[in-house]
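Close look at the chain arrangement
The chain contents come next:
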Amino acid sequence: MVKFARLQLQDDAEGEDVVQEAIEAALGGIDRFAGRAALKTWVFTILRHKIVDVLRTRGRTVQVSSLGRDDADMDDTFDTLFNANEHWQPDCRPRPWGDPHAALEQQQFWQVFETCLDVLPARTARVFMMREFLGLETDEICATLALTASHCHVILHRARAGLRLCLTQGWFGTEPAAC
Amino acid sequence: MLTCKKATRLLSAGLDRPLTPGERFSLRLHLVFCRGCRAFRSQIGLLREISQSFVRWGGDDKP
């Protein structure tokens, strides 16, 4: 949770603070909750709201670094999946993942998923998490990070393509490792 | 005719904004003939499901 909050807020101290606040808020109403899993879910829900609040308050003050080399590396890797006509290389064509829902039940799958998130460039991961973890709309993400809409879409596409390939290679094994 | 690379961009954009009728049409046509892009579509949709499960389980303590 602290790692997630730090990455989202780009500030270690503030990240720890919101986690602390979320836990306190959750404990304040603990009698309403039974069961450990429910409590965790609840704390995380509160945490998400607190992070969104902080991001909204900050508005456009967030520093956005320019496109790093890591982003370029990811784009190069993505390009190698295609031939000159921009169609999939036969070996690298995506193939259906075997029983993805069974994977969600396995602890090791989540380790692979976290690792795949960790290897994304920080800002790319952050935009992906704002969209898919916090459920923010693209407009809001663009405004918070002072990005154009098209840049936001480029970043989300890069993140999805990267995570897709990483999970394919790290877990599902449905495409050759060379892709 | 849409290339696969462009199709992946539209498939991703479709998760974040409504596609225009023209975009939807060219994408639908492409998907009829392209199983690679069909798999890509289903996998980026699964990424959304996976992310939601990840959040539901608290980010660092899975079932």
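Everything numeric here is computed off the predicted structure, so don't read it as measured data. (Residues numbered from 1 in each chain as written. Chains lettered and ligands numbered in written order. Predicted model: local features only at pLDDT ≥ 70, side-chain atom pairs only at ≥ 80, totals over all residues. Heavy atoms only, no water.)

Of the regular secondary structure elements, chain B holds 3 helices and 0 strands. Its helices and strands taken in sequence order, chain B reads α-α-α from the N to the C terminus. A buried classification covers 54% of the 63 residues belonging to chain B. Long-range contacts, defined as pairs at least 24 residues apart, comprise 47% of the intrachain contacts of chain B with a sequence gap of at least 6. Accessible area for chain B stands at about 3,100 Å²; split by element, carbon and sulfur atoms hold 59% of it. (Helix = DSSP H or I, 4+ residues; strand = E, 2+ residues; numbered from the N terminus. Buried < 20%, exposed > 50% of the residue type's maximum accessible area, 1.4 Å probe, protein only. Contact = heavy atoms within 4.5 Å. Areas by Shrake-Rupley, 256 points an atom, 1.4 Å probe, with all protein chains shown as cover.)

Bringing the state of the cysteines into the picture now. A disulfide bridge is the covalent bond that connects two cysteines by way of their sulfur atoms. All names here are of chain A. What the rule picks out here adds up to 1 disulfide over all chains. Residue pairing for C116: its cysteine sulfur links by disulfide to C166, the two sulfurs lying 2.0 Å apart. With the S-S dihedral at roughly -85°, the linkage between C116 and C166 falls on the left-handed side. With C116 in helix α6 (residues 107-118) and C166 in helix α9 (residues 149-172), this pair connects stretches of sequence that are 50 residues apart. (Disulfide = S-S within 2.5 Å.)

Now for the interface of chain B and chain A. Counting from both sides, the interface comprises 39 residues of chain B and, opposite them, 42 residues of chain A. Carbon and sulfur atoms supply 63% of the area buried between chain B and chain A, which totals about 3,600 Å² over both sides. Summed over the shared surface of chain B and chain A, the result is 5 salt bridges. The residue B:D16 makes a salt bridge to A:R131 at a minimum N-O spacing of 2.7 Å. The interface formed by chain B and chain A contains 14 residue pairs in polar contact (both at pLDDT 80 or more). Of all the secondary-structure elements, those providing two or more residues to the side of chain B that touches chain A are α1 (4-13) and α3 (35-56) of chain B. Sorting elements by how many residues they give to the side of chain B that touches chain A places α3(B) first, with 18 residues. Looking at side-chain class alone, the side of chain B that touches chain A contains 16 nonpolar, 11 polar and 12 charged residues. (Buried area = accessible area lost by both parts, 1.4 Å probe. Salt bridge = Lys/Arg side-chain N within 4 Å of Asp/Glu carboxyl O. Polar contact = N/O pair within 3.5 Å; in protein donor to acceptor, adjacent residues only side chain to side chain. Nonpolar A, V, L, I, M, F, W, Y, C, P; charged D, E, K, R; others polar.)

Structurally, B:S12 can be placed in helix α1. Using a relative accessible area of 1% as the deciding quantity, one classes B:S12 as buried. When residues no more than four places from it in sequence are discounted, the contact partners of B:S12 are A:L156, A:H157, A:R160 and B:I44.

Time to look at helix α7 (residues 122-132) of chain A. Of all 11 residues making up α7(A), 10 are buried, and the element is well covered by its neighbours. Those residues of α7(A) lying buried are A:R123, A:T124, A:A125, A:R126, A:V127, A:F128, A:M129, A:M130, A:R131 and A:E132.

Moving on, we get to the packing of helix α1 (residues 2-9) of chain A against helix α2 (residues 12-28) of chain A. All names here are of chain A. For the pair α1 and α2, the least separation of the axes is 8 Å and the interaxial angle reads 130°. Here α2 runs oblique to α1, going by the angle between their axes. The handedness of the crossing between α1 and α2 is right-handed. Facing V2, A5, R6 and L9 of α1, the residues of α2 in contact are D12, E14, G15, E16, V18 and V19. Here the residues of the contact of α1 with α2 are counted per class, giving 5 nonpolar, 1 polar and 4 charged. (Axes fitted to C-alpha atoms, helices over the stretch in contact; angles between N-to-C directions. Parallel < 35°, antiparallel > 145°, perpendicular 65-115°, else oblique. Left-handed = near helix turned anticlockwise from the far one by under 90°.)

Low pLDDT marks regions whose predicted coordinates should not be analysed in detail. Residues and elements named next belong to chain B. Residue-level pLDDT values for chain B average 90, and 89% of them are 70 or greater. The model gives residues 59-63 a pLDDT under 50, and that stretch makes 13 contacts with residues more than four places away or in other chains. Interface confidence for the predicted complex, expressed as ipTM, amounts to 0.91; the pTM equals 0.76. (pLDDT = per-residue confidence, 0-100.)

Turning our attention to unusual backbone geometry. Positioned with a positive phi, A:D99 is a non-glycine residue whose angle comes to about 35°. Topologically, A:D99 is positioned in the loop between α4 (69-79) and α5 (100-103).

Charged atoms that come close allow side chains of opposite charge to pair. This model, assessed by the stated rule, comprises 12 salt bridges over all chains. A salt bridge links A:D71 to A:R158; the nearest nitrogen and oxygen atoms lie 3.7 Å apart. One end of the pair, A:D71, is in helix α4; the other, A:R158, is in helix α9, with 87 residues separating them in the sequence. Residue A:D71 shares its accessibility class with A:R158, and that shared class is buried. Measuring nitrogen to oxygen at the nearest pair gives 2.6 Å for the salt bridge that ties A:D79 to B:K5. Here the residue A:D79 occupies a position in helix α4, and B:K5 occupies one in helix α1, the pair thus bridging two chains. What makes A:D79 partly exposed here is its relative accessible area of 34%.

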